[in-house]
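Single-letter residue listing:
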Amino acid sequence: MSYKIYVDRDECIGAGTCVECAPNVFVLDDENIAIVFDAAGDSDEDVLAAAQDCPQQCVYLFNDAEEQVYP
Ligand code: SF4
């Protein structure tokens, strides 16, 4: 399963932790805000770690049933 991923751009501070955890999923755009480049680019474990380590807790994960998994 790949999580469906939503980043709250209003909350993101461009810390880049998500990019470090899952570099094939997240990139920083030209406003230094995280965007999802490829939701299936890294393992579920890495994506979950990215969400858990985000200092703003602004990475939201959903499963295939559209249920919020994190936070
Ligand atoms: S870890 Fe959170 S605050 Fe930092 S760039 Fe990623 S989404 Fe934004």
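Here, every reference points to the structure presented above.
Here's what I pulled together on the structure shown here. Quick caveat, the model's predicted, so the values are computed rather than measured.

## Some thoughts on the sheet that holds strand β1 (residues 4-7)
Strand order in the open sheet formed by three strands is β1-β4-β5, with antiparallel pairing between adjacent strands. Looking at the sheet topology across the chains shown, the edges are occupied by β1 and β5 (68-70). For this sheet, the mean inter-axis angle between neighbouring strands, taken without regard to orientation, is 35 degrees. Pairing analysis gives two bridges linking strand β4 (residues 59-62) to β5, with the strands arranged antiparallel. Within the sheet, the bridge partner assigned to F62 lies in β5 and is Q68. Strand contacts of helix α2 (residues 44-53): β1, β4 and β5, with the helix running at about 140 degrees to β4, the strand carrying the most contacts.

## A word on α2
Turning to α2, its buried residues are V47, A50 and A51. Viewed along the axis of α2, the buried residues span an arc of 95 degrees, placing them on a single side of the element. Elements that come into contact with the buried residues of α2 comprise β1, α1 (17-21), β2 (26-28), β4 and β5.

## A word on unusual backbone geometry
What is expected of a backbone is that most residues other than glycine have negative phi and most peptide bonds are trans. Here Y70 and P71 are connected by a cis peptide whose omega angle stands at -5 degrees. The topology assignment puts P71 in the segment after β5. Look at N32: it is not a glycine, yet its phi comes out positive at around 65 degrees. Considering the arrangement of structural elements, one finds N32 in the loop between β2 and β3 (34-36). Even without being glycine, Q57 reaches a positive phi, approximately 50 degrees. On the secondary structure map, Q57 appears in the loop between α2 and β4. What makes Q57 partly exposed here is the crowd of 13 C-beta atoms within 10 Å.

## Quick look at the site of the ligand
Taken together, 14 residues lie around the ligand, and C12, A15, T17, C18 and C54 are the ones closest in. Of the residues contributing to the shell around the ligand, the split by class is 10 nonpolar, four polar and no charged.

## Here's the deal with the nonpolar core
General note: in soluble globular proteins, nonpolar side chains tend to be found buried as a group. Core analysis: the biggest nonpolar cluster contains 15 residues, and C18, A22, V47, A50 and V59 have the highest contact counts within it. Of all elements in the fold, only α1, α2 and β4 reach the threshold of two or more residues within this core. Considering every element that reaches this core, the biggest residue donor is α2, with three residues. Those residues in contact with C18 that lie beyond four places of it in its chain are F26, A34, A50, C54 and V59.

What counts and how
- Residues numbered from 1 in each chain as written.
- Predicted model: local features only at pLDDT ≥ 70, side-chain atom pairs only at ≥ 80, totals over all residues.
- Pairing = 2+ DSSP bridges.
- Helix = DSSP H or I, 4+ residues; strand = E, 2+ residues; numbered from the N terminus.
- Axes fitted to C-alpha atoms, helices over the stretch in contact; angles between N-to-C directions.
- Contact = placed C-beta atoms within 7 Å.
- Buried ≥ 20, exposed ≤ 12 C-beta atoms within 10 Å, placed from the backbone.
- Arc of directions from axis to C-beta.
- Near = placed C-beta within 6 Å.
- Nonpolar A, V, L, I, M, F, W, Y, C, P; charged D, E, K, R; others polar.
- Core = buried A, V, L, I, M, F, W, Y, C linked by C-beta atoms within 7 Å.

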